[in-house]
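Overview (structure and organization)
Residue-level listing of the chains:
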Amino acid sequence: MKNKPVVQLLGYRAYPRAQSSDPAVWGRCAALGLALATIGPNAAADTQALGSLTLPLKSRMQNSDNWLLSQLRQFRAYPYLDRAYKRVNTGKLSEAADEFKAYFEVEPDDIFSRVAYLNVLYKLQRYDDVSRQADILTAFDPDNAQARLFQGLVLQAKNKQVAALDTLLPLLGQANADAKTREVAAATAVDLALATRRYDDAQKALSALPQRRQEYAHLMRQGAAFAGQGKWTESAAVYEQALTVARTTQEKRLVRETLFYQEKQNGNISGAIDQVKAILDMEPANLEWLRTLAMLHYLSEDRGAALAVMDRIPAGRLQTQDAFFRANLLLDKRDYTRARQDYARVAEETTERDMKFRALMGLGYAYSGLEQTKDARDAFERASAVQQVPEASKALATVTKMLKMATFDTLKRGGPSHDVQITDLDSDQPVRARRLRSSQASVPKKTPVRPVALSKSPLQLQQESLQQGYDAISRQNDEAAIQAFEDAVGRGADTVQTHLDMAFAYNRLKNWDRARDSFLHAFSLDSNPQNRLYVARSYVATGQPDLALQYFQLVQPDLPYLSQDEQKAILIEMGYLYAKKEDFEMAVSVWKASMAYGVDTLTLLSLGYALEMAKRDIDAVGVLEKIDATALDQTKQLRLFNQLSQLYEKTGNAAQAHNYMLKAAAVEPAAIKYYQVGLYEQKHHISDNGAGNLQKALEMDPENAIYAEQLGYHFKSNKEYHKAASLFERAIEKNPNRHGLYQDLAYTYKQMGDNEQAVKWFKRSIDIKYEEQRVAGRSRKGVPADYQARLSDGEPTTQILYAVADSARPADVVEGVHDLSMASPDNADHFAPVGYHEAVSDLSLGHPMQEAMTFGPTQVVQATLGEDAAKAQEDITSIKHGQDEELYRMRQEVRELNRRFQFNLYQAYRSKSQQQNVASTPPGFFNSGAIPSQGGAELIYQPPGIGYQDGKIFQVFARGLWSNKPDSLRIADESVQGSVGARYKPFKTQDLFVSIERLFKIGSQAQNDWLARASYAWTQGYDIRPNESSWNQTLFYGDLGYFFPNSGITALYSEVRQGRTFNYANQFTVTPHVMAAGRVQRPDPDKSSYAEVGAGIAVKYRFNENRYEAERSSAEVVLQYRHSLSERRNSGWVATAAISF
Amino acid sequence: MGFLHGRSQRWVGALLLTAAMYNGQAQGAPITSVATSGCLQGTFIQLVEANRQWTKDQWAALFDDFEKLRIRSVVLQWSVIDNEAFYASRRFKASANPVVDWIMALAQDRQIDVMVGLSHQSNHWTRITQANERQAYLKEQIERVAVTAGELTPVVTKYQSFKGWYISEEIDDQNWVGDDQNDAMQSYLFQTTTLLRGLTPKAVLGVSAFANKTTTPGDLGMFWHHMLAKVKGLDIIYFQDGIGVHKLTLELLPDYYAAMHKALSTHKRELRPVVELFEQTSGDPVATGEFKAVPATLERVQKQLQVASKYGVQRIAFSVPEYLSMQTTPDAATAFKAYRAYMEQNKLACR
């Protein structure tokens, strides 16, 4: 079965057929010359099934398998092959191909069957697969002629005619190619050579065909080749010879048709007439050839013969345009009766405006010729209604005048109803009618209207219109030219050139749609490469890139026939179109292809851009680095340097990115450039962190608040606070609306230790925040609840947007803009309205606003609103909380900066207490955990200046501590302990206090001693979070004390709490929590060390605040149940109350 | 609105007549007339989401049904709907299975011609009825057609089953009658046909049309007369008979066919009647709710075919897969068996 030939299965034709007998179709072939038109059915060279090709000597590829393995493999593969041939025999080729494919997976070495497989694939037109299989064969045997043949055939099928021809031509002389292969190759090459107008190659291929010189198909091709070479005599002789060997009527007719076109092309009308007559002898009823013959007679000015031919067309087959043509001939022959009939029919049937006009005019002339003047007037009036042109007006005026004269004669003869007739005829000109009535003027009665146009043929009218068009173009009157060309088309000049002329006129008028339609008309008449290009470019103009690309694609097969410059231009244009469609891979592909025609910097720039957009940054850098920047103008240099800078930044090469930024700045030494460089240096810690370039930018543009601000931030981060503050103040002076800067200036002064200035700027910032909140909360006109409905109704989004921005609350504005931007994401105008920016400003206070300014409005929407409404609301809430916290934080800063005195008081009670001094102070309250006590009072003084230095605190204090009597709140007098001391907080951000205090004895059990202490607190969520309903609270407190010199005791107290804080009106907080605490003392003779765990609730009330300062005072009650982990200590309830003023 | 648009895929209902009843009716009819007028030569295939999951075997079984019905022409309603393609597309979301390829291959093996549909947007009927949207929609649509045709050309032209292109828009008699609308549609069709002709010079180009009772046959004929005078590239007009969706009645239908036939004959174009094989049971204009339909009775389909056969050599069904095949619903299977019995009984020689 394996050696079963594939013969006669497929019978494909390597030669394209061109058998149409339709002259119109043939006419379209004229652009390619006569070559293709003369190729008839190709019986002689028609390719046989490739199964009839002889097999190469080596029918199997070499395989290292041993005999047994080889047999096993063949055994496994055989069923596939068997089924493949069966499928082929039943015509199910796609299934056969599947079987072949499966077969070769098992048995890849069978060359014979692979040729058969090639044949099946080729028949299925799966050309890519054919190529792959042919490649497999040529990989084994580079000179495999059959594989080469199929490669050529595939190229032909893919319309790559030049490449196909170049592949096949070498086969003609290839020694190892068998005769059949050479024959198929030669036959195909002939057609390809003719199609690509390589007539010398066509002759060469023809000569390679065996012994067929007297065969019809061979002669036809020979004739085409001679014709292509301009050897008309030889061509005609060969065609005449073909006529003698033609066996069928169809073949003979084809020869006649070819000769007809040759005669026509050579301007030999009489010769062409002879050929058409010969054709009609074979096919007397062929309508198209009858029309052609009539037209040829007309062109040779034998109108009688033309009319006779038209009369041969049976009435039932006479089309509208035939009737029109015949009517014109009849009118010319003054056969008014028949002309009237034909014109009437045309006027009724046609939908073409100009033809209708011409038919009605002709009808008028025919009536006139028949002396039916009223009917003539009616026809001319109808014509005038179709087209307002001078010819119609003139004819109408003439015939009307004739009618009046006729009536006047009747009047003079005393007709019975003359008054009425005159009034009817000229009712709007009674004076003139009366004058006529009294006139002695006489006009010859019943003279047929023979206006000038009557004597003009349709062809002359066409020519007139065309001439008018060209005259109008020369006068630069494109509107008139277009009108004239449209007239010409209506009069039959429906030619490529007329449409092109019209298209160019529309182009000059920038009427791109009309221009495109005209180019399309030209293309539909002749799809030559130039017209495809015109259409492609017209679609570029109308903003339809996909269509443009399709037409550019249509040009591809013909690229080799265009100039190198044009080829390159096309590829470059395609690249831009692909880039516009964001198909950057394709853009890269065509731009790279364009490089084959020469490299230019602009294309390299574009290629670099496309590579970057295709996320091929490294490749983009490679391309852009090839560009000689010195050859570019300033704009392109800037573009190049900016792009390289961005690419290097993306690829992590900050040094090169910086380098190109500097180059860009050198090309365009503008303040903005140095500013950008400065920012970049700042970000990447390059050079002097941007100071120099920021300074330069500011020097170049001293009025620019942003530059001053940014340089200020540089100095601030460099701890050069004085310079920073000065620049911030300058920036605020230039742009008082930079609200975020007030706060930063305040912090700068705080860091400088200039508390007075810090408070001043904090207060100004606080004032601004309050004002912003007031604006944010102001009542607007109403919520634009209907914008979604308006959107659904198709109202333009921009229109709705302004309504939204004008009428909504800030959150609604931002939300509305977000929705609208989703509705039409490409419209950047969404972010333009003032109302939107106000809304963003209203919502994005403090740092969020800074971010907003950095990212720009689109990103603000994305950053603050996210992609859906729920997320948007969440983000807006988050922003609001951020604003509230920020304001609160500033008020806390003012409070701390202004603090002088503070008084703290606490009292604790513990049930089942075994000792008086068992409870500790609330952690972090006033740092007395190291000394066990149940109650205490403390007065603190924080001196100005040294008391608060950018978060570092110095305080002096005096305090008293006590314990209570058992099961009572009464102070145990003997326990009262007094002390004075000073404490210092050395770190700005860490709540670590160190202190030294002198303890002095008041009660009998108190002591005189010194106490050195260190206390530390770490909290999260301990402060109020304005307008948040609840949050997590974590607290750690540690207190280490050393009593000396008398006691020599070291004590450590520590406590941890974890709870959830609930907020009520930003004043009350309730914090249920769990806790653990412990105290260790060394030495500890009383065994007073303990550890305990428990749970409780803390209620805190904050008060005593003002506009600029957060609450200075608070009252807190903590109730806990503590479970003792020590044997000597009881578990029980502990209640603590504390007040701070 | 055309029946081909948005048709529900929920095939419910039952075929009302049994095969025996069909046979009984058919026995009295002359064989010759039945043999020529009772045939369906083609069918639409309207690709829907569920078809993405079909295996090649399922498609093969459907095409086997086509063979049994002597179908020789398939009109693929579209190859892209919205952003989803049924082939390996670069621009649109490609389907996992090469559905279009399979259809072309199966058709080729059975000598069935395929008119390949292009692009459809599910909001088509909404957008063309909005004056401010229509122009933009058509401009956008022709771009989609360009992309689709550009991508599909190398896919489908390698099959001998490729006959031509089906332009997926359905031209109705109400939305395009005004001058501006008419110009817009003419321009769209002119551009589309010119492009398709440029891509595939030998391909046949077709589009479908339908009418409402509110338009007179004369006006419909004139509408198409003018349209075809301007759009010379169209070869075939598939005229939907509207019986299933109740747009026309069997009494009115001949006049509409005649008007279309006259207009198309004048311009030498081919009319292919589209025979609706279903009976709409819900959805506009029958009732509110989603479109639902059941297979039509064979008696009704016979009448539709008899009328259609006077005006078109090829009658195209809408559509065999949903309403006359063994592969989709029990109702369609019942209808299929009945129609096959009818063919056997009357010795229909449809090829």
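Bear in mind the structure is a predicted one, so any value in this text is a computation, not a measurement.

Definitions and cut-offs
- Residues numbered from 1 in each chain as written.
- Chains lettered and ligands numbered in written order.
- Predicted model: local features only at pLDDT ≥ 70, side-chain atom pairs only at ≥ 80, totals over all residues.
- Heavy atoms only, no water.
- Helix = DSSP H or I, 4+ residues; strand = E, 2+ residues; numbered from the N terminus.
- Buried < 20%, exposed > 50% of the residue type's maximum accessible area, 1.4 Å probe, protein only.
- Contact = heavy atoms within 4.5 Å.
- Areas by Shrake-Rupley, 256 points an atom, 1.4 Å probe, with all protein chains shown as cover.
- Buried area = accessible area lost by both parts, 1.4 Å probe.
- Salt bridge = Lys/Arg side-chain N within 4 Å of Asp/Glu carboxyl O.
- Polar contact = N/O pair within 3.5 Å; in protein donor to acceptor, adjacent residues only side chain to side chain.
- Core = buried A, V, L, I, M, F, W, Y, C linked by side-chain atoms within 4.5 Å.
- Pairing = 2+ DSSP bridges.
- Axes fitted to C-alpha atoms, helices over the stretch in contact; angles between N-to-C directions.
- Parallel < 35°, antiparallel > 145°, perpendicular 65-115°, else oblique.
- Phe/Tyr/Trp six-rings, centres within 6.5 Å; stacked < 30°, edge-to-face > 60°.
- Lys NZ or Arg CZ within 6 Å of the ring centre and 35° of its normal.
- pLDDT = per-residue confidence, 0-100.
- Nonpolar A, V, L, I, M, F, W, Y, C, P; charged D, E, K, R; others polar.
- Right-handed = clockwise from strand over helix to strand, strands pointing away.

So, about the overall build of chain A. The helix and strand tally for chain A stands at 47 helices and 13 strands. Counting all 1141 residues of chain A, 51% fall into the buried class. Long-range pairs, those at least 24 residues apart, make up 57% of the contacts in chain A with a sequence separation of at least 6. Put simply, chain A shows about 51,500 Å² of open surface, and 53% of that area lies on carbon and sulfur atoms.

Another aspect to go through is the overall build of chain B. Summing up its helical and strand segments, chain B has 12 helices and 13 strands in all. Across the 351 residues that make up chain B, the buried fraction comes to 62%. The contacts of chain B with a sequence gap of at least 6 include a subset with a gap of at least 24, amounting to 79%. Here chain B has roughly 12,700 Å² of accessible surface; of this, 53% comes from carbon and sulfur atoms.

Taken together, the 30 residues of chain B in the interface contact 35 residues of chain A. For the pair chain B and chain A, the summed buried area comes to about 2,700 Å², and 46% of that belongs to carbon and sulfur atoms. Counting every contact that joins chain B to chain A gives two salt bridges. For A:Asp546, the salt bridge goes to B:Arg91, with nearest N and O atoms at 2.8 Å. Linking chain B to chain A there are 11 residue pairs in polar contact (both at pLDDT 80 or more). Those elements that provide at least two residues to the side of chain B that touches chain A are helix 4 (99–109), helix 6 (131–156), helix 7 (179–199) and helix 8 (217–230) of chain B.

The subject of this paragraph is unusual backbone geometry. Residue and element names in this part refer to chain A. Along the chain, Phe1044 connects to Pro1045 via a cis peptide bond; the corresponding omega equals 0°. By secondary structure assignment, the location of Pro1045 is in the loop between strand 8 (1030–1044) and strand 9 (1050–1064). Here the residue pair Arg1082 and Pro1083 is connected by a cis peptide bond, since its omega of -15° sits within 30 degrees of zero. Note that Pro1083 resides in the loop between strand 10 (1068–1082) and strand 11 (1090–1103). Despite not being glycine, Asn1066 has its phi angle at roughly 60°, a positive value. Turning to its location among the elements, Asn1066 is positioned in the loop between strand 9 and strand 10.

A word on the pattern of salt bridges. All names here are of chain A. Here the structure, examined in full by the defined rule, presents 64 salt bridges over all chains. Lys650 is the partner of Asp617 in a salt bridge, and the nearest nitrogen-oxygen pair spans 3.6 Å. Of this pair, Asp617 sits in helix 32 (residues 617–625) while Lys650 sits in helix 33 (residues 634–650), and the two are 33 residues apart along the sequence. Connected through salt bridges with shared partners, the residues Asp311, Arg326, Arg338 and Asp342 form a single ionic network.

As a further point, take the nonpolar core. If you look at the biggest cluster of nonpolar residues, it comprises 223 residues, and the most contacted ones within it are B:Trp59, B:Trp165, B:Trp224, B:Phe239 and B:Tyr339. Per element, the largest residue contribution to this core is 10 residues, and it comes from helix 6 of chain B. Every residue in contact with B:Phe239, bar those within four places of it in the chain, is listed here: B:Ala209, B:Phe210, B:Ala211, B:Leu220, B:Leu248, B:Tyr256, B:Tyr257, B:Met260, B:Leu271, B:Arg272, B:Pro273 and B:Val274. By size, the runner-up hydrophobic cluster in this structure holds 68 residues, among which are A:Val130, A:Ala145, A:Val154 and A:Leu209.

Take the sheet that holds strand 7 (residues 162–171) of chain B next. Either a parallel or an antiparallel arrangement is found when strands of a sheet pair, and the pairing is made through backbone hydrogen bonds. Residues and elements named next belong to chain B. One closed barrel holds the eight strands; their spatial order is 1-2-5-7-8-9-10-13, and the pairing between them is parallel. Between one strand axis and the next, the sheet turns through 30° on average, direction left out of account. Here strand 2 (residues 73–76) runs beside strand 5 (residues 113–117); their pairing, made up of three bridges, is parallel. Across the sheet, residue Val75 finds its bridge partner in strand 5, namely Met115. Against the sheet, helix 4 makes contact with strand 2, strand 5 and strand 7, and its axis sits at roughly 160° relative to strand 5, the strand it touches most. Against the sheet, helix 7 contacts strand 7 and strand 8 (204–209), and its axis sits at roughly 165° relative to strand 7.

All of the buried residues along helix 36 (residues 691–700) of chain A are A:Ala691, A:Asn693, A:Leu694, A:Ala697 and A:Leu698. Buried positions along helix 36 of chain A lie against helix 34 (654–667), helix 35 (671–684), helix 37 (705–717) and helix 38 (721–734) of chain A.

This paragraph deals with the packing of helix 4 (residues 111–123) of chain A against helix 6 (residues 145–157) of chain A. Residues and elements named next belong to chain A. Running from N to C, helix 4 and helix 6 cross one another at 10°; their axes reach a closest spacing of 11 Å. The angle between helix 4 and helix 6 places the two elements in the roughly parallel class. Of the residues in helix 6, those in contact with Val115, Leu118, Asn119 and Tyr122 of helix 4 are Gln146, Phe150, Leu153, Val154 and Gln156.

All names here are of chain B. The sheet built from three strands is open, its strands ordered 4-3-6 with mixed pairing. Each of the sheet's edge strands pairs with one partner strand only, and the pair in question is strand 4 (84–85) and strand 6 (119–120). Sheet analysis places strand 3 (residues 80–81) next to strand 6, joined by two bridges and oriented parallel. For Ile81, the partnering residue across the bridge sits in strand 6 and is His120.

It is worth spelling out the side chain of B:Ser161 at this point. Here B:Ser161 shows up in the loop between helix 6 and strand 7. For B:Ser161, the side chain forms a polar contact with the main-chain oxygen of B:Met104, separated by 2.7 Å.

Take the packing of aromatic side chains next. Following the criterion strictly, the structure yields 48 aromatic pairs over all chains and no others. Both rings, one in B:Phe223 and one in B:Trp224, keep their centres 5.7 Å apart while their planes meet at 85°; by these two values the pair is edge-to-face. An aromatic cluster of at least three residues, connected via ring pairs, comprises B:Phe44, B:Tyr166, B:Tyr238, B:Phe278, B:Phe291, B:Phe318 and B:Tyr323. Lying across the ring of A:Phe104, A:Arg114 places its NZ or CZ 4.2 Å from the centre. For the cation-ring pair, B:Arg52 lies above B:Phe86, with the distance from its terminal atom to the ring centre recorded as 4.1 Å.

Let us now look at the confidence of the model for chain A. Residues and elements named next belong to chain A. Averaged over chain A, the pLDDT score is 78; the fraction of residues at 70 or greater is 77%. Predicted confidence is poor over residues 1–60, with pLDDT under 50, and the contacts of this stretch with residues over four places away or in other chains come to 162 contacts. A low-confidence stretch, residues 410–455 (pLDDT under 50), is modelled with 48 contacts involving residues beyond four sequence positions or located in other chains.

All right, on to the packing of helix 31 (residues 601–613) of chain A against helix 32 of chain A then. Residue and element names in this part refer to chain A. Direction vectors running N to C along helix 31 and helix 32 enclose 170°, while the axes themselves pass 8 Å from each other. The angle between helix 31 and helix 32 places the two elements in the roughly antiparallel class. The segment helix 31 lies against helix 32, with Leu604, Leu605, Leu607, Gly608, Leu611 and Glu612 engaging Asp617, Asp619, Ala620, Val623 and Leu624. Residues that form the contact of helix 31 with helix 32 fall into these classes: seven nonpolar, one polar and three charged.

Here the focus is the environment of A:Trp962. Residue and element names in this part refer to chain A. Locating Trp962 in the fold gives a position in strand 4 (residues 952–962). Remark: the alpha-carbon pair of Trp962 and Val976, spanning 14 residues in sequence, is separated by 4.5 Å. Sequence-distant contacts of Trp962, that is, excluding residues within four places in its chain, are made with Leu905, Tyr906, Gln907, Ser933, Gln934, Gly935, Gly936, Ala937, Ile971, Ser975 and Val976. Within polar-contact distance, the side chain of Trp962 engages the side chain of Gln907 at 2.9 Å.

Looking now at the pairing of strand 2 of chain B. Residues and elements named next belong to chain B. Neither face of strand 2 is left uncovered, since the one carrying Ser73 and Val75 and the one carrying Val74 and Leu76 both have all their residues buried. With four bridges joining them, strand 1 (residues 42–45) and strand 2 adopt parallel strand pairing. In the strand pairing of strand 2, Thr43 is matched with Val74. In this view, the connection linking strand 1 to its parallel neighbour strand 2 by way of helix 3 (residues 56–68) has right-handed handedness.

Residues and elements named next belong to chain A. The residue Ser1140 is located in strand 13 (residues 1132–1140) in this model. Linking Ser1140 and Glu938, residues 202 residues apart in sequence, is a C-alpha distance of 9.4 Å. At 2.8 Å, the side chain of Ser1140 and the side chain of Asn904 are in polar contact.

In this structure, A:Ser538 sits in helix 27 (residues 529–541). Exposure remark for A:Ser538: the relative accessible area of 5% places this residue in the buried category.

A few words on the pairing of strand 7 of chain B. Residue and element names in this part refer to chain B. With nine of its 10 residues buried, strand 7 lies for the most part within the structure. Both strand 5 and strand 7 contribute to a ladder of four bridges, which runs parallel. Each residue of the ladder has a partner; that of Val114, found in strand 7, is Phe162. Note that strand 7 and strand 8 share six bridges and pair parallel. Of the residues in strand 8, the one forming a bridge with Ile167 is Val207.

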